Amino acid sequence: MKRIYLIGFMGCGKSAIGRRLSFMLKLPFYDMDKEIVRREGKTIPEIFEEHGEPYFRSLEARFLREFKSDCCIISTGGGTAINAENRKIMRETGLVLFLDAPFRDIWRRIHRDPNRPIVRRSTKEEIESLYHQRHSAYKRAAHISVRTEHRSLRQITEFVAFQVHRLKGE
Ligand SMILES: Nc1ncnc2c1ncn2[C@@H]1O[C@H](COP(=O)(O)OP(=O)(O)O)[C@@H](O)[C@H]1O
Ligand SMILES: O=C(O)C1=C[C@@H](OP(=O)(O)O)[C@@H](O)[C@H](O)C1
Ligand SMILES: [Mg+2]
C-alpha cells in the first residue's frame, strides 16, 4: 500500500486524525510540521520569524521530495497542497484525503493558537479569505474529500479508515 496523505486548511484536523488513523491502521505516522521542527531544531513560529515563510515552504517541498517510506500516514501542513509540485508528488505516491471543514469550526479551533504564525499575523477576514482561496487547491490535490462538519474525531477517523480499506479492495 502507498502513503495516505491528509490535507486541508489549518485546524481541519489533519494532525489529530492522522495520529488516530495511524493507531487504527497500525501504520507509522509522520506530521510534516513536527518533522520540520525536529530537523530544524526550531518551532514553526521561530522558522517563520527568523527565516521567513518562503524558507518554510522550501522545507515542506524538500520533505516531500526526499521522503522515502511507504505504507504510512502523513499529515501535511495547511499550506503544503498549495504548491503544484507538492500536489503532484502526493498524488503520485499515495492516496490524498482532503478534510473539508467549515470556516466557523476552523476559526473556533485556531484563533487563539500562538503556534500558527499565519493566524498570529492576520485578521479573521484575512484568514477567511485565505480559506476560500485555498479551497480549490485542496480539491484539485485530493482523491477523496471528507466533510467533517458535525462529526467527531473518532467518526472521521473511522470513515477515512473505511475509505482506505474500500480502495485497497478495488
Ligand atoms: N472533528 C473534530 N471534532 C473535534 N475536535 C476537532 C475536530 N477536528 C479537529 N479538532 C481539534 O481541533 C484542533 C486542531 O486540529 P489539528 O489536528 O491540529 O488540525 P490541523 O493539523 O489540520 O491544523 C485540535 O485540538 C483537534 O483535536
Ligand atoms: O496553513 C499554513 O500555511 C500553515 C499551516 C500549519 O499547519 P496546520 O495546518 O497543521 O496548522 C503550519 O504548516 C504552518 O503554520 C503554516
Ligand atoms: Mg497539523
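These numbers were taken from a predicted model, which means no experiment stands behind them.

(A) Layout of the side chain of R3. Turning to its location among the elements, R3 is positioned in strand β1 (residues 3-7). According to the relative accessible area criterion, R3 is buried, its value standing at 5%. A distance of 2.7 Å separates the side chain of R3 from the backbone oxygen of S69, its partner in a polar contact. Excluding anything up to four places from it in sequence, R3 contacts F67, K68, S69, D70, C71, C72, I74, T93, G94 and L95.

(B) Seen up close, the UniProt feature "binding site: ATP" (unreviewed entry) in the protein chain. With numbering matched to this structure, UniProt assigns "binding site: ATP" (unreviewed entry) to G11, C12, G13, K14, S15, A16, R116 and R151. Taking the farthest pair of C-alpha atoms as the criterion, the annotated set spanning 141 residues is dispersed, since that pair is 23.8 Å apart. Along the polypeptide, G13 turns up in the loop between β1 and α1 (14-25). Here G13 falls in the buried class, since its relative accessible area comes to 16%. With residues near it in sequence (within four places) discarded, G13 still touches G18 and L99. Of note, R116 is situated in the loop between α6 (103-110) and α7 (117-120). Not counting the four nearest positions on each side in its chain, R116 is found in contact with M10, G11 and I110.

Rules used in this analysis
Residues numbered from 1 in each chain as written. Chains lettered and ligands numbered in written order. Predicted model: local features only at pLDDT ≥ 70, side-chain atom pairs only at ≥ 80, totals over all residues. Heavy atoms only, no water. Helix = DSSP H or I, 4+ residues; strand = E, 2+ residues; numbered from the N terminus. Buried < 20%, exposed > 50% of the residue type's maximum accessible area, 1.4 Å probe, protein only. Polar contact = N/O pair within 3.5 Å; in protein donor to acceptor, adjacent residues only side chain to side chain. Contact = heavy atoms within 4.5 Å. UniProt positions renumbered as here; feature names shortened; annotations may be inferred.

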